[in-house]
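Residues per chain, in single letters:
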Amino acid sequence: MSDVFNTVFEMSLRVILLLSDGASRGCDELATIDFVTTYSRGFSEDQVNVNGDNRFMYSEYEARCELVKSAVKDLVLKGLIAPKFSSEGYTYKLTDAGRGFSTAMSSEYASDYSKAIPFAITYIEEHGLKAVIKEINRNKKRTVKR
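Heads up: these notes are all about the structure in this document. (Residues numbered from 1 in each chain as written. Predicted model: local features only at pLDDT ≥ 70, side-chain atom pairs only at ≥ 80, totals over all residues. Heavy atoms only, no water.)

**Observations concerning the state of the cysteines**
For step 1, the next point in the chain: Applying the stated criterion across every chain, the model contains zero disulfides.
For step 2, the next point in the chain: Here Cys-27 is not disulfide-linked; the sulfur of Cys-65 is the nearest cysteine sulfur, at 9.0 Å.
For step 3, the next point in the chain: Judged by its relative accessible area of 18%, Cys-27 is buried. (Disulfide = S-S within 2.5 Å. Buried < 20%, exposed > 50% of the residue type's maximum accessible area, 1.4 Å probe, protein only.)

Following this line, the structure appears as structure tokens:
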């Protein structure tokens, strides 16, 4: 059996969970919310890292951005999310089929991940998307130098 971790398939499932609140989001926002969701403890000591502790977690961000772009493309082609163009660029929202798929996902991981999403969204709203991306990149440089 091939490994499903860090694949477009795994990211597609998480993108569906990220969009299950009905919001329309762009790729950068999805990648950043996903990163903060999976590594919440890096942004608040009161949180838990859904993907476990990883000293080099900040180094994953760039690869995660590429996975999100591929996952979004795949989900659009499958009709699970729909693109919308605005003055800020493309955003994506779940379709009816995507909502049905989202409600069918039931696992301990999906539950834990979904519980961590509101923290990530609030954190990004309070600090701003660009500031959080800068924070991730700053922390990446710091952990790589160690």
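Moving on, there is more to tell.
**Some details on the packing of aromatic side chains**
For step 1, the next point in the chain: Under the counting rule described, the total for this entry stands at nine aromatic pairs.
For step 2, the next point in the chain: Between the aromatic rings of Phe-35 and Phe-43, the centroid separation amounts to 6.2 Å while the plane-to-plane angle is 85 degrees, which identifies the pairing as edge-to-face. The burial state of Phe-35 is the same as that of Phe-43; both residues are buried.
For step 3, the next point in the chain: An aromatic cluster is present here, built from Phe-35, Tyr-39, Phe-43, Tyr-58, Tyr-61, Phe-119 and Tyr-123 joined pairwise through their rings. (Phe/Tyr/Trp six-rings, centres within 6.5 Å; stacked < 30°, edge-to-face > 60°.)

**What to know about the environment of Ile-33**
For step 1, the next point in the chain: Examined against the element boundaries, Ile-33 turns out to sit in helix H2 (residues 27-38).
For step 2, the next point in the chain: Put simply, Ile-33 and Ile-133 are 100 residues apart on the chain and 10 Å apart in space, counted from C-alpha to C-alpha.
For step 3, the next point in the chain: Non-local contacts of Ile-33, meaning those with residues more than four positions away in its chain, are made with Leu-18, Arg-25, Ala-120, Ile-121 and Ile-124. (Helix = DSSP H or I, 4+ residues; strand = E, 2+ residues; numbered from the N terminus. Contact = heavy atoms within 4.5 Å.)

**Description of the nonpolar core**
For step 1, the next point in the chain: Phe-35 and Phe-43 are the most contacted members of the largest nonpolar core, which has 38 residues in total.
For step 2, the next point in the chain: Examining the composition of this core, we find that eight residues originate from one element, helix H5 (residues 108-127), more than from any other.
For step 3, the next point in the chain: The residues contacting Phe-43, other than those within four sequence positions of it, are Phe-35, Val-36, Tyr-58, Phe-119, Tyr-123, Val-132, Glu-135 and Ile-136. (Core = buried A, V, L, I, M, F, W, Y, C linked by side-chain atoms within 4.5 Å.)

**Digging into the packing of helix H1 (residues 8-18) against H2**
For step 1, the next point in the chain: One can describe the packing of H1 onto H2 by two numbers: an axis separation of 10 Å at closest approach and a directional angle of 95 degrees. Classed by the angle they form, the pair H1 and H2 counts as roughly perpendicular. Together, Met-11, Arg-14, Val-15 and Leu-18 of H1 and Leu-30, Ile-33, Asp-34, Thr-37 and Thr-38 of H2 make up the contact between the two elements.
For step 2, the next point in the chain: Residue classes in the contact of H1 with H2 are distributed as five nonpolar, two polar and two charged. (Axes fitted to C-alpha atoms, helices over the stretch in contact; angles between N-to-C directions. Parallel < 35°, antiparallel > 145°, perpendicular 65-115°, else oblique. Nonpolar A, V, L, I, M, F, W, Y, C, P; charged D, E, K, R; others polar.)

**A short note on the side chain of Arg-64**
For step 1, the next point in the chain: Within the secondary structure, Arg-64 is located in helix H3 (residues 61-77).
For step 2, the next point in the chain: Those residues in contact with Arg-64 that sit more than four places away from it in its chain are Met-11, Arg-14, Ala-31, Asp-34, Phe-35, Thr-38, Tyr-39 and Asn-51.

**A closer look at a positive patch on the surface**
For step 1, the next point in the chain: Together, Lys-130, Lys-134, Arg-138 and Arg-142 line one region of the surface with positive charge.
For step 2, the next point in the chain: We classify Lys-134 as exposed; its relative accessible area is 58%. (Patch = residues over 30% accessible without salt bridge, like charges linked within 9 Å, V, L, I, M, F, W, Y side chains within 5 Å. Areas by Shrake-Rupley, 256 points an atom, 1.4 Å probe, with all protein chains shown as cover. Salt bridge = Lys/Arg side-chain N within 4 Å of Asp/Glu carboxyl O. Lys, Arg positive; Asp, Glu negative; His and termini not counted. Charge placed at Lys NZ, Arg CZ, Asp CG, Glu CD.)

By themselves these figures say nothing about function.
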